[in-house]
Amino acid sequence: MNRNLVVLLLVGILFAATLWSVLPEVRAPIEEWRQKAVTHWKAAKTAARTVVPGGQTEKGKEPVAQGPDGRQWVEPLTGMPFVWVPGGCFPMGSEEGEKGRDRDEGPVHEVCVDGFWMGQREVTRGEFRRFVEATGYVTDGEREGFSWVYTGVWEKRTGYSWRRPGFFQDDNHPVVHVSLHDALAMARWLGEKGGGSFGVPTEAQWEYACRAGGMEARFWGEGTEEACRYANGADLTAAKDFPSWTIHGCSDGFVFTAPVGSFEPNRFRLHDMLGNVWEWCADTYDAQGYRKHGPKNPTIVDPSQTARVIRGGSWYSRPEHLRCAKRDGLSRPDRRSQDLGFRLVRQ
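Figured I'd write up the structure that's included with this text.

The rules behind the values
- Residues numbered from 1 in each chain as written.
- Predicted model: local features only at pLDDT ≥ 70, side-chain atom pairs only at ≥ 80, totals over all residues.
- Heavy atoms only, no water.
- Core = buried A, V, L, I, M, F, W, Y, C linked by side-chain atoms within 4.5 Å.
- Buried < 20%, exposed > 50% of the residue type's maximum accessible area, 1.4 Å probe, protein only.
- Helix = DSSP H or I, 4+ residues; strand = E, 2+ residues; numbered from the N terminus.
- Contact = heavy atoms within 4.5 Å.
- Phe/Tyr/Trp six-rings, centres within 6.5 Å; stacked < 30°, edge-to-face > 60°.
- Lys NZ or Arg CZ within 6 Å of the ring centre and 35° of its normal.
- Salt bridge = Lys/Arg side-chain N within 4 Å of Asp/Glu carboxyl O.

### Looking at the nonpolar core
Part 1 of the reasoning: Ranked by size, the top nonpolar core spans 29 residues in total, and within it Phe 116, Met 118, Leu 270, Met 273 and Leu 274 carry the most contacts.
Part 2 of the reasoning: Elements that contribute at least two residues to this core include exactly strand E2 (81-85), strand E3 (88-92), strand E4 (109-113), strand E5 (116-119) and helix H5 (203-211).
Part 3 of the reasoning: Ranked by the residues each element gives to this core, the list is headed by H5, at five residues.
Part 4 of the reasoning: Those residues within four positions of Met 118 in sequence are excluded, and the remaining contacts are Pro 81, Phe 82, Val 83, Val 85, Pro 201, Trp 206, Ala 209, Leu 270, Met 273, Arg 343, Leu 344 and Val 345.
Part 5 of the reasoning: Formed by 28 residues, the second largest nonpolar core is a distinct cluster that contains Met 80, Met 186, Leu 340 and Leu 344.

Rendered as structure tokens:
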């Protein structure tokens, strides 16, 4: 009997010694996990207390990132986040030495814009769908039965529209195959239902917002190698499918569109100001337009001309096209394609 007690005592001592040697290793990862849980819980409580002036975040969605002066707003019909872009002045255009510069980007001239609300991201398929479902709107591409699709070259193809983009998209991707008419129809609907005045940005608003106080070719700087942190453009990922493209020497992980907000924002907390999809602007395209600009809130709208400005480049764009000063013009406001979307502003 005494022998059994001794054996049990020895086993107990051995078990206790084993626990003593193991527990420090067990405690460390448990404590690390506990600290992480506490940190995440504190962040969640802070996010839950975030107040969004002018609107409420949708239940279960992250709060909208603040604008440069802390002001933010969520459009209630679509849940579209807007940030406040404070007014200011900047040298619009590009200097002659900027790599990739086109002649229509000059002369550089001082421009001042009033403050405005700008969509933090490009309009998504889900947001555009809410507009279509509420109004029964039919896009130019659907009504006319075709759009422009990239097959190695840009071709006019039947059967493509925002509902059938030609590559994978979910409701978090930017809507494509939309004309300027389509963009302005959504803007009118928001104005009629939600109040305020909505539209697409002027060229001056767009470039001011893209630069976000900087004067480099791109809002992150002059270089192209770090572009994949900030923009979805032609890159090593796309080169696997399109080896003839001129590309950025980095991989952004997407051949076509990326979900909006996938990349780091600029200093105004705006995402995808370069890359992902080209964005419609309010101005008539004029190669000599900068010689006609006034100093305050300039815009050029010539009813006798059909060409319209697009800005920002897309998933298809080579490095010289992903610049804040880059301008392009489409011959008609009903043009639509796989690399063309829009972003809204509210005055």
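Having seen the model, we can carry on.
### Side note on the packing of aromatic side chains
Part 1 of the reasoning: Summed over the entire model, instances satisfying the criterion amount to 30 aromatic pairs.
Part 2 of the reasoning: Ring plane angle 5 degrees and centroid distance 4.6 Å describe the contact between Phe 167 and Phe 256, whose orientation is recorded as stacked. A residue pair is termed long-range when its members are at least 10 positions apart, and Phe 167 in the loop between strand E7 (154-158) and helix H4 (180-194) and Phe 256 in the loop between helix H6 (236-239) and strand E9 (278-284) qualify at 89 residues.
Part 3 of the reasoning: When its relative accessible area of 11% is taken as the criterion, Phe 167 is described as buried.
Part 4 of the reasoning: The class of Phe 256 is partly exposed, set by a relative accessible area of 22%.
Part 5 of the reasoning: Relative to Phe 268, the ring of Tyr 208 has its centre 5.9 Å away and its plane inclined at 55 degrees; by these criteria the two rings are tilted. Residue Tyr 208 is located in helix H5, and its partner Phe 268 is located in the loop between H6 and E9; the two are separated by 60 residues in the primary sequence.
Part 6 of the reasoning: The class of Phe 268 is buried, set by a relative accessible area of 9%.
Part 7 of the reasoning: Ring pairing ties together the aromatic residues Tyr 150, Trp 154, Phe 167, Phe 242, Trp 245, Phe 256, Trp 315 and Tyr 316, which thus form one cluster.
Part 8 of the reasoning: We note Arg 164 situated over the ring of Tyr 160; from NZ or CZ to the ring centre the distance is 4.3 Å.

### What about the pattern of salt bridges?
Part 1 of the reasoning: The full count for this structure, using the stated rule, is 19 salt bridges.
Part 2 of the reasoning: The shortest N-O distance in the salt bridge between Arg 129 and Asp 171 comes to 3.0 Å. Linking Arg 129 in helix H2 (residues 125-135) with Asp 171 in the loop between E7 and H4, this pair joins segments that are 42 residues apart in sequence.
Part 3 of the reasoning: Looking at Asp 171, the relative accessible area reads 34%, which means it is partly exposed.
Part 4 of the reasoning: Residue Glu 207 pairs with Arg 311 through a salt bridge whose shortest N-O separation is 3.0 Å. With Glu 207 in helix H5 and Arg 311 in strand E10 (residues 308-311), the pair connects residues that are 104 residues apart, well separated along the chain. We note that Glu 207, like Arg 311, is buried.

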